[in-house]
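Each chain, written out:
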Amino acid sequence: MRPHIIVIDDDDKITSLLRRSLAFEGYEVTTAPNGQEGLHILAGRQMDLVILDVMMPQLDGWEVCRRLRAAGVSAPVLMLTAKDDVQDRVKGLDIGADDYLVKPFALEELMARVRALLRRRPDQAEENNRLRYEDLVLDVDGREAIRQDKRIELTAKEFDLLHLFMQNPKRVLSRDQIMERIWGYDYSGESNVLEVYVAMLRQKLEEQGGKRLIQTVRGAGYVLKGES
């Protein structure tokens, strides 16, 4: 079955370009000219990816993304914006977006990000669909973590990141290894997207007072292991 992508953008030129380009790549594409219509479509149909413009009248992309996550929509969200500001990127990640692309963008880069967000690795079929490390359990089917009997909801990228760590306990993973596995392409060397995601993941995992499991190895990367 072809992946189904929805593009929510009030710019006719952008939606037309993405409709044609994504369809040419073999995706099924639905478009919406504003946030309200996008939410209405998503309420009735399951999508594999949401491409969402930030600056839209009446209902902006931030609010659309917030409502999607509140409604339990777990499809990855790629946000498009004209603002190249760190605070805006962090805001998008905080409310549940999975990636962030600044306009004007190269079509090749957008397609690479779409492929990365849709990529399903063949190593997700663990026994009983659960991974365990110390008191942390990763429910692969539910795409959530469980710690101290509390279920922790994760965004798509948070899940993928924790999944990678849980598959490689006590193994130091370099920044390049993580970026390649989770994002599938090179971010700018100045990008701190990995650091932001690690911080958000730690916050969720440690909310109930649990000890830190994702450790920073200075100059090397990150590792899943208990504090020594």
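Refer to the structure above for everything that follows.
Computed from a predicted model, the values in this text were never measured in an experiment.

Caption draft 1: Geometry of the pairing of strand S11 (residues 221-224). Sheet analysis places strand S10 (residues 214-217) next to S11, joined by four bridges and oriented antiparallel. Across the sheet, the residue bridging to Thr 216 is Tyr 222, located in S11. In textbook terms, the turn of a hairpin is the stretch between consecutive antiparallel strands, and for S10 and S11 this stretch comprises three residues, one of which, Gly 219, has a positive phi near 80 degrees.

Caption draft 2: Just the packing of helix H1 (residues 12-24) against helix H5 (residues 107-118), in detail. Closest axis-to-axis distance for the H1/H5 pair is 12 Å, and the angle between their directions is 60 degrees. By the criterion of interaxial angle, the relationship of H1 to H5 is oblique. Between H1 and H5 the crossing geometry is right-handed. The segment H1 lies against H5, with Leu 17, Leu 18, Ser 21 and Leu 22 engaging Leu 107, Leu 110, Met 111 and Val 114.

Caption draft 3: Spotlight on the packing of helix H6 (residues 156-167) against helix H8 (residues 193-205). At a minimum axis separation of 10 Å, H6 and H8 run at an interaxial angle of 85 degrees. For the element pair H6 / H8, the angle class is roughly perpendicular. Residues Lys 157, Glu 158, Leu 161 and Leu 162 of H6 form the contact with H8, whose own contacting residues are Leu 194, Tyr 197, Val 198, Met 200, Leu 201, Lys 204 and Leu 205. The residue makeup of the contact of H6 with H8, split by class, is eight nonpolar, no polar and three charged.

Caption draft 4: Just the nonpolar core, in detail. Of all hydrophobic cores here, the largest spans 32 residues; its most connected members are Leu 161, Leu 162 and Ile 178. For this core, the secondary structure elements donating two or more residues are strand S6 (130-133), strand S7 (136-139), H6, helix H7 (175-182), H8 and S11. Examining the composition of this core, we find that eight residues originate from one element, H8, more than from any other. Beyond its immediate sequence surroundings of up to four residues, Leu 162 is in contact with Leu 136, Leu 138, Ala 145, Leu 154, Leu 201 and Leu 205. Counting residues in hydrophobic clusters, the runner-up holds 22 residues, among them Ile 41, Leu 42, Met 47 and Leu 59.

Reading the values: rules and limits
- Residues numbered from 1 in each chain as written.
- Predicted model: local features only at pLDDT ≥ 70, side-chain atom pairs only at ≥ 80, totals over all residues.
- Heavy atoms only, no water.
- Pairing = 2+ DSSP bridges.
- Helix = DSSP H or I, 4+ residues; strand = E, 2+ residues; numbered from the N terminus.
- Axes fitted to C-alpha atoms, helices over the stretch in contact; angles between N-to-C directions.
- Parallel < 35°, antiparallel > 145°, perpendicular 65-115°, else oblique.
- Left-handed = near helix turned anticlockwise from the far one by under 90°.
- Contact = heavy atoms within 4.5 Å.
- Nonpolar A, V, L, I, M, F, W, Y, C, P; charged D, E, K, R; others polar.
- Core = buried A, V, L, I, M, F, W, Y, C linked by side-chain atoms within 4.5 Å.
- Buried < 20%, exposed > 50% of the residue type's maximum accessible area, 1.4 Å probe, protein only.

Spatial relationships are all this shows, so hold off on functional conclusions.
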